[in-house]
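# Observations on the three-dimensional arrangement
Residue strings, one per chain:
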Amino acid sequence: MIKDSTAIDHTEYNWEYVERVTKYRETDGVAVFARVVAKDQPDRLLVIAQWRAPLDTFVLELPAGIIEKGETIEQVAVRELQEETGYTGVLERVTPEAPNDQGLTNSCLNFGFATVDAAAPENANPQPSPELSDDSLDNEENEEEEWESASTDEDVIELDLTGEAPVPRGAKAAGRASSSNGPAAGKAAATSVSSSSSPASWREWVEESFDSSALLLAASDDKPVGKVAGLVGLGALFAGWYLANIYFNIFNKTLLKTFPYPLSITNIQFAIGIGLSCLFWLTGVVKRPQLDAKTIASVYPLAIIHVLGNVLTNVSLGKVAVSFTHTVKAMEPFFSVIMSAIFLGDVPPVPVLVTLIPIVGGVIMASLSETTFNWTGFLAAMFSNITFQSRNVLSKKFMISKGALDNMNLFQVITIMAFFMLLPVSILIEGLPILPHNLAAAGLDSAAQADLFRRLLSAGICFHGYQQLSYMILSRVTPVTHSIGNCVKRVVVIVASVIAFQNPMSTQNAMGTALAMFGVFLYSQAKRKYKGNKPKAA
């Protein structure tokens, strides 16, 4: 933005500066000085090492976040501390707002001061969980859409406040420091590494820039991972993500052919999810959440939507081809835009709206030539889209909070709640078809029943497996990479299902599917590029 200004000496000039357009109060955000207190140990300051594109390097920063509409400074301070470091602290005071860089931007922030008791049960195993929108719980789409605030390579560091500050070392340290979000003055200065020697990870940067013995790692692994090993590991995660999706859809489709009870199948998958969640918590793979009545009440609406969305998806899979269900579900961005505009007055910029044209056109083209088309399957997939997209709208409209739950625990908790919600409805509508005598009455002998149980178990494991793999990938790659991977994933699932079930696909159907998938990709990229440039609906 360029603004006409007049200096003290009455000289007129143009001032170029950056202005935040999504500002909901005098200040934009809050950064937290969190002091970790432990018996017989020096106090430590929590900071985060993450990549910053403008500096082309890793920077040490305080946990910080933007204040959203309806939030208080205190709420954001406590939330960001928990999400970005995994620690739960007590906020002691908050400073008045202060400018970040008054010569460049009108952005301001507050500083919060918090104390973290390292001996508290909730801080026994701190696990950072960068914020995901509730859209991420959709079992098929949009895990990466609101991942903008998450770092692509982030970890937590505890700086010793009583010993000597980390000292930059080596000729490559350029001496840059993070200003407003940087560590306390005199205690630590974040330095940058020249772009000609781009580090493979923040750990390499730390080793090149600091005496790493002065840094105490608070989370994640203790050893740096080599570039080759890191790429192999990431490739394995993507392969597992795709395979779990493919087999989930194949198992589900074959189940619905021989066991046409979508409510029962959905609830059995929820039950398997309960078993896996308990296993993860007992083994420490996932940190066990601290639940109370307030948290359960706050996520209750999300559990209802979780039930409806998954039941409708399974109804669709039982009525039409897997490839067609996935093509119709590509319409999710369309319903997201419509519902946000109606209920939130949130209208995206024109370039984002334009990307909806190939999505809608592609779905129409595919529908007109789909050999397995029927209205039940089509409408079930469409209402599944509406259901899943209503979650984000409800969360924003009524300020539904997930409390202190990270996203993996949120998924596990609402899966447990969903099981108990769906159980009486499932029994009332479908009875208990899974009981052996009911299966025998349906003509399934013992061998067929055993095969059915194996498929049910496999589908349930794949369903929850690909959810966790998706979260793991999101924590390791950029939103753009995940977006591309997600689009490719849907194409892979469609192709795999066509091959597995030998579904006929006409040229028009294939072109419509490809057009819709391409539109989804364009939408995700346009939404990210024009984030914050949203006009309000009249």
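The coordinates are above.
This text gives an overview of the structure that appears in the document. Worth saying up front: this structure is predicted, and the values here are computed from it rather than measured.

### A word on the nonpolar core
Among the nonpolar cores identified, the biggest contains 36 residues, and Trp241, Leu255, Ile265, Leu452 and Tyr466 are the most heavily contacted of them. Looking at this core, the elements that each hand over two or more residues are helix 3 (227-258), helix 4 (262-283), helix 11 (407-430), helix 13 (446-474) and helix 14 (479-501). When near neighbours in sequence (up to four residues on either side) are disregarded, Leu452 contacts Leu255, Thr258, Phe259, Ile434, Leu439 and Leu444.

### With respect to the packing of helix 4 against helix 5 (residues 293-319)
Interaxial distance between helix 4 and helix 5 falls to 9 Å at its minimum, and their mutual angle equals 125°. The orientation of helix 4 relative to helix 5 falls into the category oblique. By crossing handedness, the relation of helix 4 to helix 5 is classed as right-handed. Residues Pro262, Leu263, Ile265, Thr266, Gln269 and Phe270 of helix 4 pack against His306, Val307, Asn310, Val311, Asn314 and Val315 of helix 5. In the contact of helix 4 with helix 5, the residues fall into 7 nonpolar, 5 polar and no charged.

### Re the packing of helix 9 (residues 356-368) against helix 15 (residues 507-529)
Remark: helix 9 packs on helix 15, axes separated minimally by 7 Å, with the N-to-C direction vectors making an angle of 160°. Considering the angle they form, helix 9 stands roughly antiparallel to helix 15. Between helix 9 and helix 15 the crossing geometry is left-handed. Contacts between helix 9 and helix 15 involve Leu356, Pro358, Ile359, Gly361, Gly362, Val363, Met365, Ala366 and Leu368 from the former and Gln508, Asn509, Met511, Gly512, Thr513, Leu515, Ala516, Gly519, Val520 and Tyr523 from the latter. Taken together, the residues of the contact of helix 9 with helix 15 break down into 12 nonpolar, 7 polar and no charged.

### So, a nonpolar patch on the surface
Taken together, the side chains of Leu423, Ile427, Leu432 and Leu435 make up a nonpolar region of the molecular surface, amounting to roughly 290 Å² of accessible area. By the element assignment, Leu432 lies in the loop between helix 11 and helix 12 (436-441).

### Quick look at unusual backbone geometry
Look at Gln502: it is not a glycine, yet its phi comes out positive at around 55°. Relative to the helices and strands, Gln502 resides in the loop between helix 14 and helix 15.

Scoring rules and cut-offs
Residues numbered from 1 in each chain as written. Predicted model: local features only at pLDDT ≥ 70, side-chain atom pairs only at ≥ 80, totals over all residues. Heavy atoms only, no water. Core = buried A, V, L, I, M, F, W, Y, C linked by side-chain atoms within 4.5 Å. Buried < 20%, exposed > 50% of the residue type's maximum accessible area, 1.4 Å probe, protein only. Helix = DSSP H or I, 4+ residues; strand = E, 2+ residues; numbered from the N terminus. Contact = heavy atoms within 4.5 Å. Axes fitted to C-alpha atoms, helices over the stretch in contact; angles between N-to-C directions. Parallel < 35°, antiparallel > 145°, perpendicular 65-115°, else oblique. Left-handed = near helix turned anticlockwise from the far one by under 90°. Nonpolar A, V, L, I, M, F, W, Y, C, P; charged D, E, K, R; others polar. Patch = residues over 30% accessible without salt bridge, like charges linked within 9 Å, V, L, I, M, F, W, Y side chains within 5 Å. Areas by Shrake-Rupley, 256 points an atom, 1.4 Å probe, with all protein chains shown as cover. Salt bridge = Lys/Arg side-chain N within 4 Å of Asp/Glu carboxyl O.

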